[in-house]
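# Coordinate inspection notes
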Amino acid sequence: MTVLETLELAKNMLGDGKDIMLAHIANSDGSTPRSIDAYMLIDKDKKSYGTVGGGSVEYKATLDGAKMLENKSSGHVDYSLTRNEVADIGMICGGNIEVDFTYLSADKDKLLNSLAFIEEIISGLKSEKGIVYMFGGGHVSVATAELLNNIGFDTVVYDDRGDFVNAQRFPHAKRLICSDYEDVLSKVNLSEKDYVLIMTRGHEYDYMVQRQILKTKAGFIGVIGSRRKLATIEAKLLNDDGFTKDDTARFYAPVGLQIGAETPEEIAVSIAAELILKRAVAENRRKVAEKKTLRLEDIRQPF
């Protein structure tokens, strides 16, 4: 369950008349399994939804949250992970986690305030989250879009063929665009927070899109294909279109971390992994920030 799905569930539970406790990691240090993007819901039956890291801390937080829910109170608890406490993800963790607990009431006179509290969190998260623009609706795109949805990325899919860009193939896409590739910038508006994946059906269309996307501020531009194909297109961009080596260096090509992927599903995993890393770097997540020299370029070196 993604963070946004957890928060949407909170709204639904409140709408159904259920009081809930919202647990949120306010701060963490050391080798804790989750960073401050984590939210968890707790109901009166001591059932939890979402996560604040798993293992003993999550168990303790669930019990503490259930007690506060029973008392209709909010609170703050510091948890210390020892070397003997094993998180559900299989890591022996040490460190500290500070968890804020917020009591949210479904009573008629308090429901609107509870919903507004959740909406404010959702709006804040969405304003910081870029969109993945996928050019091409082939098999790799289908597998990648499905996986990206499961890990909290919103997608927009663009293809010039109606049979390849529709709700049946991309049920979770936020937007589907069926149009030619000659003027994509009239259909999309890219910011530095956005990701671009270029995986059309051929060199000509990839080149059309690459030439236009280089004029935008897109924060990540990934291009699928063989190194020979990519080199041919780069030469055309440099020699015919006046772009520089600094411009074409913006391409992550071939896109995807080098894990020996071959099938569309495996390639989707490699692409998703690279986008997760890019997102983690952009958000300055603690576990990435602690590795002072970690860059996408370091991780994605070929074998």
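Calculation rules
- Residues numbered from 1 in each chain as written.
- Predicted model: local features only at pLDDT ≥ 70, side-chain atom pairs only at ≥ 80, totals over all residues.
- Heavy atoms only, no water.
- Core = buried A, V, L, I, M, F, W, Y, C linked by side-chain atoms within 4.5 Å.
- Buried < 20%, exposed > 50% of the residue type's maximum accessible area, 1.4 Å probe, protein only.
- Helix = DSSP H or I, 4+ residues; strand = E, 2+ residues; numbered from the N terminus.
- Pairing = 2+ DSSP bridges.
- Salt bridge = Lys/Arg side-chain N within 4 Å of Asp/Glu carboxyl O.
- Axes fitted to C-alpha atoms, helices over the stretch in contact; angles between N-to-C directions.
- Parallel < 35°, antiparallel > 145°, perpendicular 65-115°, else oblique.
- Left-handed = near helix turned anticlockwise from the far one by under 90°.
- Contact = heavy atoms within 4.5 Å.
- Nonpolar A, V, L, I, M, F, W, Y, C, P; charged D, E, K, R; others polar.
- Patch = residues over 30% accessible without salt bridge, like charges linked within 9 Å, V, L, I, M, F, W, Y side chains within 5 Å.
- Areas by Shrake-Rupley, 256 points an atom, 1.4 Å probe, with all protein chains shown as cover.
- Lys, Arg positive; Asp, Glu negative; His and termini not counted.
- Charge placed at Lys NZ, Arg CZ, Asp CG, Glu CD.
- Phe/Tyr/Trp six-rings, centres within 6.5 Å; stacked < 30°, edge-to-face > 60°.
- Lys NZ or Arg CZ within 6 Å of the ring centre and 35° of its normal.
- pLDDT = per-residue confidence, 0-100.

## Overview of the nonpolar core
Counting residues in hydrophobic clusters, the biggest one holds 24 residues, and the most contacted among them are Phe135, Val196, Ile213 and Ile221. For this core, the elements supplying multiple residues, two or more each, are strand E6 (131-135), strand E7 (154-159), strand E9 (195-198), helix H5 (203-213), strand E10 (220-223) and helix H6 (227-239). Per-element accounting of this core gives the leading share, 4 residues, to H5. Core analysis: the second largest hydrophobic core is formed by 21 residues, Ala173, Ile267, Ile271 and Ala272 among them.

## Considerations on the sheet that holds E9
Picture the strands of a sheet paired through backbone hydrogen bonds; they go either parallel or antiparallel. Spatial ordering of the open sheet is given by E8-E7-E6-E9-E10-E11, a layout of 6 strands whose pairing is parallel. At either margin of the open sheet sits one strand with a lone partner, and together these are strand E8 (175-178) and strand E11 (251-252). When E10 meets E11, the two strands line up parallel, connected through 2 bridges. Across the sheet, residue isoleucine 221 finds its bridge partner in E11, namely phenylalanine 251.

## Focus: the pattern of salt bridges
Enumeration according to the criterion identifies 9 salt bridges in this entry. Here lysine 245 ties to glutamate 234 by a salt bridge, and the two come within 3.5 Å at their closest N and O atoms. You can see lysine 245 sitting in helix H7 (residues 245-248) and its partner glutamate 234 sitting in helix H6, a full 11 residues away along the chain. Bridged by salt links that share partners, the residues Asp159, Asp160, Arg161 and Arg201 form one connected network.

## Let's talk about the packing of helix H4 (residues 139-150) against helix H8 (residues 264-282)
Contact geometry of H4 with H8 gives a least axis separation of 8 Å together with a crossing angle of 50°. Classed by the angle they form, the pair H4 and H8 counts as oblique. Crossing handedness for the pair H4 and H8: right-handed. Counted together, His139, Val140, Ala143, Thr144, Leu147 and Leu148 of H4 and Pro264, Glu265, Ile267, Ala268, Val269, Ile271, Ala272 and Leu275 of H8 form the full contact between these two elements. Its residues placed into classes, the contact of H4 with H8 shows 11 nonpolar, 2 polar and 1 charged.

## Observations regarding a negative patch on the surface
Residues Asp180, Glu182, Asp183 and Glu204 make up a contiguous surface patch of negative charge. Mapped onto the elements of the fold, aspartate 183 is located in the loop between E8 and E9. Given a relative accessible area of 39%, aspartate 183 falls into the partly exposed group.

## Considering the environment of valine 52
Assignment of secondary structure puts valine 52 in the loop between strand E3 (48-50) and helix H2 (55-71). Placed 27 residues apart in sequence, valine 52 and isoleucine 25 show a C-alpha to C-alpha distance of 6.6 Å.

## Some words on the packing of aromatic side chains
Across all of its chains, the model carries 6 aromatic pairs by this definition. Judged by centre distance (5.6 Å) and plane angle (50°), the rings of tyrosine 181 and tyrosine 205 are tilted. Here tyrosine 181 is found in the loop between E8 and E9, whereas its partner tyrosine 205 is found in helix H5, with 24 residues between them in sequence. Exposure remark for tyrosine 181: the relative accessible area of 2% places this residue in the buried category. Of the aromatic side chains, those joined through ring pairs into one cluster are Phe135, Tyr158, Tyr181 and Tyr205. Of note, arginine 161 hangs over the ring of phenylalanine 164, and the distance from its end group to the ring centre comes to 3.6 Å. Taking the ring centre of phenylalanine 153 as reference, the NZ or CZ of arginine 279 above it sits at 4.0 Å.

## Things to note about the environment of leucine 22
Tracing the chain through its elements places leucine 22 in strand E1 (residues 20-30). Along the sequence, leucine 22 and alanine 10 sit 12 residues apart, while their C-alpha atoms lie 8.2 Å from each other.

## Comments concerning the pairing of E10
Side-chain alternation along E10 places Phe220 and Gly222 on one buried face and Ile221 and Val223 on a second face that is also buried. For E9 and E10, the ladder comprises 4 bridges, and the chain directions are parallel. Considered in E10, the bridge of isoleucine 198 is made with valine 223.

## Overview of the confidence of the model for the protein
In the predicted model, the protein carries a mean pLDDT of 86, and the fraction of residues at 70 or more is 85%. Of all the helices and strands in the protein, helix H10 (residues 296-299) carries the lowest mean pLDDT, 54, while E9 carries the highest, 97. Every residue in residues 85-93 is under pLDDT 50, and counting partners more than four places away or in other chains gives 24 contacts.

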